[in-house]
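Residue-level structure breakdown
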Amino acid sequence: MSIASAPDFFLTRIGDELVLNHGQATPLNLNVPKKRVLIVGGGVTGFTTAWALLDAGYDVTIIAERWADPKNRITSQIAGALWEFPPAVCGKHTDVISLHNSKRWCMTAYRVFDRLQETMPRSDYLDHGVQMRMANFFFDQKMENMPDRGQLDKFEEICAQKDIKGIRRDANIVKEHEVNQKAGVVDAYQHLAPVIDTDAYMNWLRFVLVCKGAVMETRRINGDLLDQEEELLAEYGADAIVNATGLAGLELAGDASVYPLRGALIRVINDGKMFPKVTEALAVTHDDTRGEDEDIVFIVPRNDNTLILGGLAQPHKYELDLTLDSPEILRMRERCNNFVPGLERAEYDPDAPLVQGLRPFRGSNVRVERELRLRPDGAMSRIVHSYGQGGAGFSLSFGCASDVLELIEEVELGLPATKMGCARH
């Protein structure tokens, strides 16, 4: 992709869905003054929202305390970034309204990512890091025999999605991947899913935003946004504010239900020398009925040379003090070793053998809605929130951005804010 062609990829909103188009966008009416939106947050949620707003004709300013950097990664770069139909492998997604919307949001993202990798080869000028890979999900008993129907219902819903490719359920998948009997898995299904190299993608996405005219400012915002909304709108000449700050929603949205779900990934070299090269994702989903937290297996090719090993979901843990010798990391590694022959011989990524971060969760899971509280002066707020995506930031990114776009339009029309429901229409 050249600098000149970057803006030729544009998003349009059709119904409640964002659609990726390749070619020249319809020229905007230059006689109509553009409105500016201030986005607080420079992760995948904030960046994707910025892209949607820019292509809808808004000017956009993004402010963030830190930006994506391969030497000092932000949360979005540490994410597993395997697209999943919700609830995701790490579980913890229980709110009915949020889960309902997440199934819609994730399919929007699936279609955009699939379209992106189809129309823009990764070998071009700047690699977007998106690939479609087979994702395999394993179970220690037949899904029909599980204590609840959660996994079977999820698989049936996946089968009902016409855009998800390569769906297959077959116990032979266990043998095909030579999974060790110690893993105790007997059932499995697979489908094609977007897998994102987060370092490459966040770099590419920033490039696209700059090409489209986004302004980026490094700045930390402290305190409840509502208390400083009027000043921020005036300072940036903005008509609305989007809060896409993840875990900082605890402070910036005054949301006491926000909490971290600590995760970690081991990074190993995946060149086929020490163990057979892994080209597909392998996962075991968290099972709430077991009464234990350490049952996740998450093995995903990050790119052509790096394999990530995961399976940690620790609620309310703020400390980023894990090491390769931490007991939970050793147990996580052992679970992963059972799924890939020879994986115990893997060499660590010399630059980043272990990365860790805090997934931004909240009591009612994902929040994509307008600020419901009135401003100190009694006026309706012009803040739109998009946070709490937890470990599914990439999977939900384009779907959430689509809803934010609609909510911004509501703000412009002066419509009253309403609580988030099961559908935007």
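As a starting point, this report considers the structure included with it. (Residues numbered from 1 in each chain as written. Predicted model: local features only at pLDDT ≥ 70, side-chain atom pairs only at ≥ 80, totals over all residues. Heavy atoms only, no water.)

1. Some remarks on the side chain of Gln 190
Tracing the chain through its elements places Gln 190 in strand β7 (residues 187-196). The class of Gln 190 is buried, set by a relative accessible area of 7%. When neighbours within four sequence positions are excluded, Gln 190 is seen to be in contact with Met 134, Ala 135, Asn 136, Gly 166, Ile 167, Arg 168, Ile 173 and Glu 280. (Helix = DSSP H or I, 4+ residues; strand = E, 2+ residues; numbered from the N terminus. Buried < 20%, exposed > 50% of the residue type's maximum accessible area, 1.4 Å probe, protein only. Contact = heavy atoms within 4.5 Å.)

2. As for the environment of Ala 281
Here Ala 281 shows up in strand β11 (residues 281-284). Of the residues examined, Ala 281 reaches a relative accessible area of 0% and is grouped as buried. Taking the C-alpha atoms as reference, Ala 281 lies 27 Å from Asp 95; in sequence the two are 186 residues apart. Those residues within four positions of Ala 281 in sequence are excluded, and the remaining contacts are Leu 82, Met 134, Ala 135, Asn 136, Ile 299, Val 300 and Pro 301.

3. Side note on unusual backbone geometry
Look at the link from Pro 86 to Pro 87: it is a cis peptide, with omega at 0°. Tracing the backbone through its elements, the reader meets Pro 87 in the loop between α2 (75-78) and α3 (96-119). In this structure, His 316 is a non-glycine residue whose phi angle is positive, near 65°. On the secondary structure map, His 316 appears in the loop between β14 (314-315) and α9 (327-337). Unusually for a residue other than glycine, Asn 365 sits at a positive phi of about 65°. Tracing the chain through its elements places Asn 365 in the loop between β15 (354-361) and β16 (367-370).

4. Observations concerning the environment of Lys 419
Tracing the sequence through the fold places Lys 419 in the segment after α10 (393-413). In this structure, the C-alpha to C-alpha distance between Lys 419 and Arg 370, residues 49 residues apart in sequence, is 7.7 Å. Those residues in contact with Lys 419 that lie beyond four places of it in its chain are Glu 369 and Leu 372.

5. What to know about the packing of aromatic side chains
As enumerated under the stated definition, the model contains 13 aromatic pairs in all. Ring centres of Trp 51 and Phe 398 lie 5.8 Å apart, and the angle between their planes is 70°; on these two criteria the pair is classed as edge-to-face. Of the two residues, Trp 51 is situated in helix α1 (residues 44-55) and Phe 398 in helix α10; the sequence distance between them amounts to 347 residues. Here Trp 51 and Phe 398 have matching classes, each one buried. What links up through ring pairs into an aromatic cluster is the set Trp 51, Phe 113, Tyr 201, Trp 204, Phe 394 and Phe 398. Sitting over the face of the ring of Trp 67, Arg 206 holds its NZ or CZ atom 5.0 Å from the ring centroid. (Phe/Tyr/Trp six-rings, centres within 6.5 Å; stacked < 30°, edge-to-face > 60°. Lys NZ or Arg CZ within 6 Å of the ring centre and 35° of its normal.)

6. Considerations on the side chain of Gln 228
As for its placement among the helices and strands, Gln 228 is situated in helix α7 (residues 225-236). Apart from residues no more than four positions distant in its own chain, Gln 228 is found in contact with Ile 221, Asn 222 and Gly 223.

7. A look at the pattern of salt bridges
Here the structure, examined in full by the defined rule, presents 35 salt bridges. The closest approach of N and O atoms between Asp 199 and Arg 73, which form a salt bridge, is 2.7 Å. Taken together, the residues Asp 199 in helix α6 (residues 198-211) and Arg 73 in the loop between β4 (59-64) and α2 connect sequence positions 126 residues apart. Owing to a relative accessible area of 18%, Asp 199 belongs among the buried residues under this scheme. Judged by its relative accessible area of 18%, Arg 73 falls in the buried class. (Salt bridge = Lys/Arg side-chain N within 4 Å of Asp/Glu carboxyl O.)

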